[in-house]
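Per-entry structural report
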Amino acid sequence: MIDEKPKRQSRKRKAVSAVTAEDEGNGEAEEKPKKKRRRKTPEEDKVYAIPPIENVLSTTFKGRLGYACLNSVLRSYSTPIFCSRTCRLSTLAELGPAHVRALALQNVADLHTLVRWNAAHGIHFMRMSSEMFPFASHPVHGYRLDFADRELREVGATARELGVRLTSHPGQFTQLGSPRENVVVNAIRDLEYHCELMDRMGLDQDSIMIIHMGGAYGDKPATIERFKEVYAKLPDNVKARLVLENDELCYNVDDLLPVCRALRIPLVFDYHHDWIFPSARPPAALIPEINALWHAKGIRPKQHYSEPRPGAQTNSEKRAHSDRVARLPADLPDDMDLMLECKDKEQAVFYLYRLYGLHEVDARVLRPPAAEESLHTKGRKSHKRAKAKTAAEQSGAGDDGVDAGIAREAEEHGVPLGEAAEAAVDGLDCGSGDEEPVDVSAGGGRQRQKRPRSVRKQNVENKGERVSVEEAVGGRERRKTKARGEVKA
């Protein structure tokens, strides 16, 4: 047996041991004071030091500013509030339709909160997430929304009462002009789902569904003719809400205006897309003709606005949206509903409110911008086959070189992964500005999303008064859940 040498104790530790032994002998054992852990301030309790805007600009604009789908303030709460919980087909097979319905009801409940929060902060225009009802338009696992009828009617009633306009932008696989029959069938099913959602909410004609013409497929005139043939067969309630938007790849305003006039389809004018793929005439000449299409159907016009990120040079970089915009577009009509397709969502709206003095903004809901905007994109703005393998390695793409986000969306719409890759090459992705979907595990709950490092490093002026959603909107107490989920990278 080998004798081990006793471990050497420092003088300080020996002294403490001696005192402890003496106290124990006297029956007076002294406990060491526990080190207090500093409690991290929840995001909803923080008040950021946002400097005031010194040079307020003047404008005659009296329309509405809105944002797409995701509220960055509510999304960062300890119990996040968002509307894009979804899952993969494997989870659906394991847990069954009840799991999907539970996710959908949570999404609808949070939409209700978003509508009330927006109205309380002067935002009366918002795009709803297309991810609210996972697999609702799937060719095999699709379903009707009757189980959420009461909840949807309540959200719609609140939106009407508060004067909040809600719109939608079905995703990139909603292609009515595709030469693939299964893509067209799936696209019609997806439009019927969005239409059912709005109809059950009791929303009026201003709640529209925006789509792109999509890919040219090597023959733009033939694609437009296929679109016309399919459009003629659509249900009337779908036609009543369907509008087109000019894109930055295949179809500019010059391409779409004749189609929209022939079919009486309103056209959403996107300033950013027109800058990248311009029409023969300037926006000032196009907008009156475009607005006439809206007025002919009794629908309030709307436009989209975004700017490229600072320093953008390549085509893919120019297509990526900036975090916020510097100012309102020069040719904006005074009474327009303008959707800001910016990464900072409601913060982009608040910045323009403050820049032009359009509306008072509560300092407690302001968040600082990123210290520096990156030109890096997730791969969805570049569709060259030569980059597929690199994109797959860098952004978690699937085996077929398809971006992970596109692969998930293709799965939800019943599009084979191979066809999704071909569609991406055809220029199908035009980006709806939708929020990043969250893959929820068997727990079925909400998952907190960390704020960007540039924001987390900002100094907090003081903890401030806790501002709950209930206090902000004066509504009923929000239902909470302890379940947890997994956020897709």
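Predicted model only: the values in this text are computed from it and were never measured.

The subject of this paragraph is the overall build of the protein chain. Helix and strand counts for the protein chain stand at 18 helices and 12 strands. Looking at the protein chain as a whole, 51% of its 489 residues are labelled buried. When contacts within the protein chain are restricted to residue pairs at least 6 apart in sequence, long-range pairs at least 24 apart make up 80% of them.

The subject of this paragraph is the pattern of salt bridges. One pass over the full model with this rule turns up 21 salt bridges. We note a salt bridge from R241 to D199, for which the minimum N-O separation is 3.0 Å. With R241 in helix α8 (residues 236-241) and D199 in helix α6 (residues 181-201), this residue pair connects regions lying 42 residues apart in the sequence. Exposure remark for D199: the relative accessible area of 36% places this residue in the partly exposed category. R319 is the salt-bridge partner of E248, the closest N and O atoms lying 2.9 Å from each other. Of this pair, E248 sits in the loop between β7 (242-245) and α9 (253-263) while R319 sits in helix α12 (residues 315-319), and the two are 71 residues apart along the sequence.

On to helix α4 (residues 97-120), then. Compared with an ideal rise of 1.5 Å per residue, which puts 24 residues at 34 Å, α4 spans 35 Å between its outermost C-alpha atoms and is within 8% of the ideal. Counting buried residues along α4, 17 of its 24 residues qualify, which places the element largely inside the surrounding structure. Downstream of α4 by a residue or two, G122 has a phi angle that is positive, lying close to 80°.

Notably, F135 is not glycine yet its phi reads approximately 65°, a positive angle. Mapped onto the fold, F135 is located in the loop between β4 (125-127) and α5 (149-162). Not every positive phi belongs to a glycine, and R264 is a case in point at roughly 60°. Examined against the element boundaries, R264 turns out to sit in the loop between α9 and β8 (267-270).

Conventions and cut-offs
Residues numbered from 1 in each chain as written. Predicted model: local features only at pLDDT ≥ 70, side-chain atom pairs only at ≥ 80, totals over all residues. Heavy atoms only, no water. Helix = DSSP H or I, 4+ residues; strand = E, 2+ residues; numbered from the N terminus. Buried < 20%, exposed > 50% of the residue type's maximum accessible area, 1.4 Å probe, protein only. Contact = heavy atoms within 4.5 Å. Salt bridge = Lys/Arg side-chain N within 4 Å of Asp/Glu carboxyl O. Expected span 1.5 Å × (residues − 1).

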